[in-house]
Amino acid sequence: MKEVKLFLGPQHPGMHGNYSVHMYVDGDMINKARPTPGFLHRGFEKVMERRLWMGNLALIPRICVVEPDINEMVYAMGIEALSGIEVPERAHWIRMMVLELGRLAIHMMGLGGIGGPTGMYTATYWGIAQRDLILDLFEKLTGARIYHMYIVPGGVRKDLPENFLEDVLKVVDDLEKKLPEFEQLILKHPIIHARIKDNIMLPAEVVWELGVTGIGMRSATGVQNDLRKVKPYARYDQVEFDVPTGTYSDGLSRMNIKYAEMFQSIRIIRQIIEKMPKSGPVRAKMSTGSALRWTVPAGMVYTAVESSRGEYGYFIVSDGGEYPYRIAVRGASFAQGLLGIEKYLPGHRIDDASLWMDTMGVCSPEIDR
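Predicted model, so just to flag it, every value in this text is computed and none were measured. (Residues numbered from 1 in each chain as written. Predicted model: local features only at pLDDT ≥ 70, side-chain atom pairs only at ≥ 80, totals over all residues. Heavy atoms only, no water.)

**A word on a nonpolar patch on the surface**
To be explicit about the condition: Like-charged residues within 9 Å of one another, or nonpolar side chains (Val, Leu, Ile, Met, Phe, Trp, Tyr) within 5 Å, are grouped into patches, provided each residue has over 30% relative accessible area and no salt bridge. Note on areas: Shrake-Rupley with a 1.4 Å probe; residue coverage comes only from the protein chains shown. Each reported salt bridge corresponds to a side-chain nitrogen of Lys or Arg within 4 Å of a carboxyl oxygen of Asp or Glu. Strands are runs of DSSP state E lasting at least 2 residues, helices are runs of H or I lasting at least 4, and numbering of each runs from the N terminus. Buried, partly exposed and exposed residues are distinguished by accessible area as a fraction of the type maximum, computed with a 1.4 Å probe on protein chains only: under 20%, between the cut-offs, and over 50%, respectively.
The grouping of Tyr121, Tyr125 and Trp126 at the surface amounts to a nonpolar patch, some 370 Å² of accessible area in total. Within the secondary structure layout, Tyr121 lies in helix α5 (residues 121-142). For Tyr121, a relative accessible area of 45% translates into the label partly exposed.

So, in structure tokens, the structure goes:
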């Protein structure tokens, strides 16, 4: 049969974000796959060099729409390191809470998202509905549901609103009760098993070859490499949590680890609420005068956090002026979302392509940066 070229995305229910994969197929088998980024037309890294340090706060959350707060965190950590700024103690704990709520939100989206390519749309509706409750919390805290611009250099933009911690506890308590229903609906469902069990494999040798981190690496190698543990930031060294791992990384194993991580995030959030200072400043002063005229001392630094997809970092260079001289983003899904698709998606069936994007954890704007 003659080889046929098919397009997955940029407009496709199985595609995550504005991204495309050109698939050359024979029957329903993929012979060759070519990732095609470039649909965002933004060039985040170069745009950042043309914007004031303060002005970039509105741009950086867009580099990963579904998990925006990690961008705010690594950007703030970089500027604070170059400027020698000490973040107030209360702000550290608030930042951790925001990051873990963000992790819960994207894992809910990931669990529910598997419903699209498998036809299990109830999972999608449930996942989005539960994620919306977390977005309600973000709206109350920051005024925005998606792009928060809340973690800023020096701390956080403002203190917690009244009764916010009670609202957080109510949401995570409710989520914890409902998670077993998600397990029954998704992770133990025969339709889901038929599609992702023993399929979409990520062997340990491929992890090392591509440079995969996060759940992809931990599910294949059994190595507990999580930056929150091995290189703690904020106050992760003062809370207890486990890092789920595995040694057989098929699609189902990775989904199971996402599910297990949600319980750990809830565990962390409860400790944050218990241990957080009850009062105190939440933002250190960056400079005198207009915040629009910040300057950052000359130097270079790499800062990274553990995103839901692995190591996420910024390499920042300052020449001492009002604009960044250079910023390079290490997107956590670059390895499996670009290199992995081209090299290892061939040999799978057409309907597995969307499952690759979902179970590998690909945030396409990280690649198109």
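Read on for the rest.
**Description of the environment of His348**
Selection criterion: When checking whether two residues touch, look at their non-hydrogen atoms; a contact exists if any pair is within 4.5 Å. Polar contact is defined as a pair of N or O atoms within 3.5 Å, subject to the rule that within protein one atom must be able to donate a hydrogen and the other to accept it, and that residues adjacent in sequence are counted only when both atoms are side-chain atoms.
Secondary-structure assignment places His348 in the loop between α12 (334-344) and α13 (353-360). In this structure the C-alpha to C-alpha distance between His348 and Asp132, which are 216 residues apart in sequence, comes to 34 Å. With sequence-adjacent residues up to four places away left out, His348 is seen in contact with Asp28, Met29, Ile30, Asn199, Ile200, Met201 and Trp356. In this structure the side chain of His348 is engaged in a polar contact, spanning 3.0 Å, whose partner is the backbone oxygen of Leu345.

**Some details on the pattern of salt bridges**
A full pass over the atoms with the stated rule returns 27 salt bridges. With a closest N to O distance of 3.2 Å, Arg267 and Asp242 form a salt bridge. Of this pair, Arg267 sits in helix α11 (residues 251-275) while Asp242 sits in the loop between α10 (227-230) and α11, placing them 25 residues apart in sequence. Relative accessible area serves as the criterion here: at 30%, Arg267 is assigned to the partly exposed category.

**Concerning the pairing of strand β7 (residues 310-318)**
Definition in use: Between any two strands, at least two bridges found by DSSP are needed for them to pair.
For β7, the buried fraction is high: seven of the nine residues fall into the buried class. In the sheet, strand β6 (residues 299-307) pairs with β7 via nine bridges, with the strands oriented antiparallel. Paired with Tyr302 across the two strands is Phe315, which belongs to β7. Between the antiparallel neighbours β6 and β7 lie two residues. One ladder, built from five bridges, connects β7 with strand β8 (residues 326-330); its direction is antiparallel. Bridged to Tyr314 within β8 is Val329.

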